[in-house]
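# Structural overview for review
The lines below spell out each chain.
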Amino acid sequence: MQGGRRPSPMATQDGRRPSALATQDGRRPSLLATQDGPNFLAIIILSQDRCGLSRCITYYLVAIAVSDFLVIITGVILNRIGRIYFGYSVLFTHPTCAHIMILGFISLDGSVWLTVAFTIDRYVAICWQKLKIRYCTEKTAMLVIGIVCALSCIKNFPFHFTYQPLFTMDGVAWFCDIKTSFSTSPTWQAFDWLDHVLTPFLPFILIFLLNALTVRHILAASRVRRRLRGSESKEDTEMANRKKSIVLLFAISVSFLVMWVTYFGHFLYVQITGESYFNSLDFNDPEYIFQETTNMLQLLSSCNNVFIYAVAQTKFRGELKKVLLRPFSIITGCFKQLKKMIAHDLVVTSHSNLTQV
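Reading the values: rules and limits
Residues numbered from 1 in each chain as written. Predicted model: local features only at pLDDT ≥ 70, side-chain atom pairs only at ≥ 80, totals over all residues. Heavy atoms only, no water. Axes fitted to C-alpha atoms, helices over the stretch in contact; angles between N-to-C directions. Helix = DSSP H or I, 4+ residues; strand = E, 2+ residues; numbered from the N terminus. Parallel < 35°, antiparallel > 145°, perpendicular 65-115°, else oblique. Left-handed = near helix turned anticlockwise from the far one by under 90°. Nonpolar A, V, L, I, M, F, W, Y, C, P; charged D, E, K, R; others polar. Salt bridge = Lys/Arg side-chain N within 4 Å of Asp/Glu carboxyl O. Contact = heavy atoms within 4.5 Å. Disulfide = S-S within 2.5 Å. Phe/Tyr/Trp six-rings, centres within 6.5 Å; stacked < 30°, edge-to-face > 60°. Buried < 20%, exposed > 50% of the residue type's maximum accessible area, 1.4 Å probe, protein only. Patch = residues over 30% accessible without salt bridge, like charges linked within 9 Å, V, L, I, M, F, W, Y side chains within 5 Å. Areas by Shrake-Rupley, 256 points an atom, 1.4 Å probe, with all protein chains shown as cover. pLDDT = per-residue confidence, 0-100. Core = buried A, V, L, I, M, F, W, Y, C linked by side-chain atoms within 4.5 Å. Expected span 1.5 Å × (residues − 1).

### Observations concerning the packing of helix α4 (residues 94-127) against helix α8 (residues 186-229)
For the pair α4 and α8, the least separation of the axes is 9 Å and the interaxial angle reads 20°. One element, α4, and the other, α8, form an angle in the roughly parallel class. Crossing geometry of α4 relative to α8 is assigned as left-handed. Grouping the constituent residues of the contact of α4 with α8 by class yields 15 nonpolar, six polar and two charged.

Structural data, given as structure tokens:
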């Protein structure tokens, strides 16, 4: 692929380009696919509305978890694992593989910008008490989620016109290759820059800035609270909760930075040097390892945000424990029931034997 092209998991000269985590035995993409488990658990637990969270927060967290779930489905299971084990299936005919990639882009952008939307919601809830009454509502959350999803679709729709069949065999168009015009047209180059600015550069700036302002507000409020309490030695649960909030916000910012900085850095490297994206099957080449590490971290970014938010909640952890222990509880209950039945049968048998005697 030429410089400036968005690295595509299926767009190569030979149609066999290793994916972000693809190895010759496919173990790493399979391992990444297991990350859908936490998202699925989060969707189930949050949808039950037993975590003591407001409906507004629940809507955002469920929406983020669903987007993250779709990222793993499209970007890892259908794309990477599918290519390893079902290389010449209907999944990789030209229209289908193009649609899968576009859905992956939409899901990833949706996940990132829903995280931004939730960050804005928490910033308003903590720092703007008057605006909180009007903004932090179920209706606003649903509206924002709908807008983010719609804009993610609109933003990524043009990528559909950048793909062409890699080759045609027996009248069937296979795989997806990027058109040469994508690397030569100034319009497409500008769109590629806009794509990378909108995801992830601008989201990171917003998340980092809003979280920093939120932490500053929490610290200022904490100093006022300490002065009002004076030398009172009683444990302050409010202060403890605020410290947890600071750690949570810091973890979110650092997580987003670590997961995306290499991706954006690699894009800048390609643009500045004019070199092409690495397109080889040499798994030991440092340039290949760097490029695919950026894709790996990009996908991993969709596995952690909702759990960073949710696991910080005590009630969520309690519900998670219940869900994880439920299969064991069912098995234990079955054994107890079986034990009772066996004991009952033994009693009946003994009573029958005594009667006969």
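Still to come is the rest of the account.
### With respect to the pattern of salt bridges
The final tally for this structure, using the stated rule, is five salt bridges. Note that Asp121 is salt-bridged to Arg122, the shortest N-O span being 2.6 Å. Among the ionic pairs, Lys322 bridges to Glu319, the shortest N-O distance being 3.6 Å. Placement of both Lys322 and Glu319 in helix α12 (residues 314-356) is noted, with a separation of three residues, approximately one turn of the helix.

### Focus on the packing of helix α3 (residues 55-85) against helix α6 (residues 138-156)
When two helices pack together, their arrangement is captured by the angle between the axes and the distance separating the axes. Interhelical geometry of α3 versus α6 gives an angle of 20° and a closest axis separation of 8 Å. Taken as axis vectors, α3 and α6 run roughly parallel relative to one another. Handedness of the α3/α6 crossing: right-handed. Facing Arg55, Cys56, Tyr59, Tyr60 and Ala63 of α3, the residues of α6 in contact are Glu138, Thr140, Ala141, Met142, Val144 and Ile145. Considered class by class, the residues forming the contact of α3 with α6 number eight nonpolar, one polar and two charged.

### A short note on the state of the cysteines
Going through the model one piece at a time under the given rule, you end up with one disulfide. Not part of a disulfide, Cys136 finds its nearest cysteine sulfur in Cys56, a span of 5.5 Å. Cys153 provides the cysteine sulfur closest to Cys149, a residue in no disulfide bond, and the two sulfurs are 7.0 Å apart.

### Side note on the packing of aromatic side chains
The final tally for this structure, using the stated rule, is 12 aromatic pairs. When the ring of Trp174 is compared with that of Phe175, the centres are 6.3 Å apart and the planes differ by 45°; the resulting orientation is tilted. Classification of Trp174 as buried rests on a relative accessible area of 10%. Here Phe175 falls in the buried class, since its relative accessible area comes to 4%.

### A short note on the environment of Arg83
As for its position among the elements, Arg83 is in helix α3. For Arg83, a relative accessible area of 12% puts it in the buried group.

### Notes on the side chain of Thr140
Counting through the fold element by element, Thr140 comes out in helix α6. With a relative accessible area of 16%, Thr140 lands in the buried category.

### Quick word on the environment of Thr96
Along the chain, Thr96 turns up in helix α4. Residue classification places Thr96 among the partly exposed positions, given a relative accessible area of 25%. Taking the C-alpha atoms as reference points, Thr96 and Trp174, 78 residues apart in sequence, are found 9.4 Å from one another. Setting aside anything within four residues of it in sequence, one finds Thr96 in contact with Val90 and Leu91.

### Observations regarding a nonpolar patch on the surface
Where nonpolar side chains cluster on the molecular surface, the patch consists of Ile331, Phe335, Leu338, Met341, Ile342 and Leu346 and spans about 620 Å² of accessible area. The residue Leu346 is located in helix α12 in this model.

### A look at the confidence of the model for the protein
Where the model shows low pLDDT, its predicted coordinates should not be examined in detail. Of the residues in the protein, 80% have a pLDDT of 70 or more, and the chain-wide mean is 77. When mean pLDDT is compared element by element in the protein, α6 scores highest at 95, while helix α1 (residues 27-33) scores lowest at 52. Here residues 1-27 scores under 50 on pLDDT; set against residues more than four positions off or in separate chains, the count is 111 contacts.

### Considering the nonpolar core
With 42 residues, the main nonpolar core has Leu46, Tyr60, Leu61, Phe118, Trp260 and Phe316 as its most contacted residues. For this core, the elements supplying multiple residues, two or more each, are α2 (36-47), α3, α4, α6, α8, α9 (237-273), α10 (286-300) and α12. In terms of residue count, α3 provides more of this core than any other element does, 12 residues in total. One finds Phe92, Ile102, Trp174 and Trp188 within the second-largest nonpolar core, a separate group that totals 17 residues.

### Structural notes on α10
Given a rise of 1.5 Å per residue, 15 residues ought to cover 21 Å, and the 21 Å separating the end C-alpha atoms of α10 matches this to within 8%. Residues of α10 that are buried: Tyr288, Gln291, Glu292, Thr294, Asn295, Leu297, Gln298 and Leu299.

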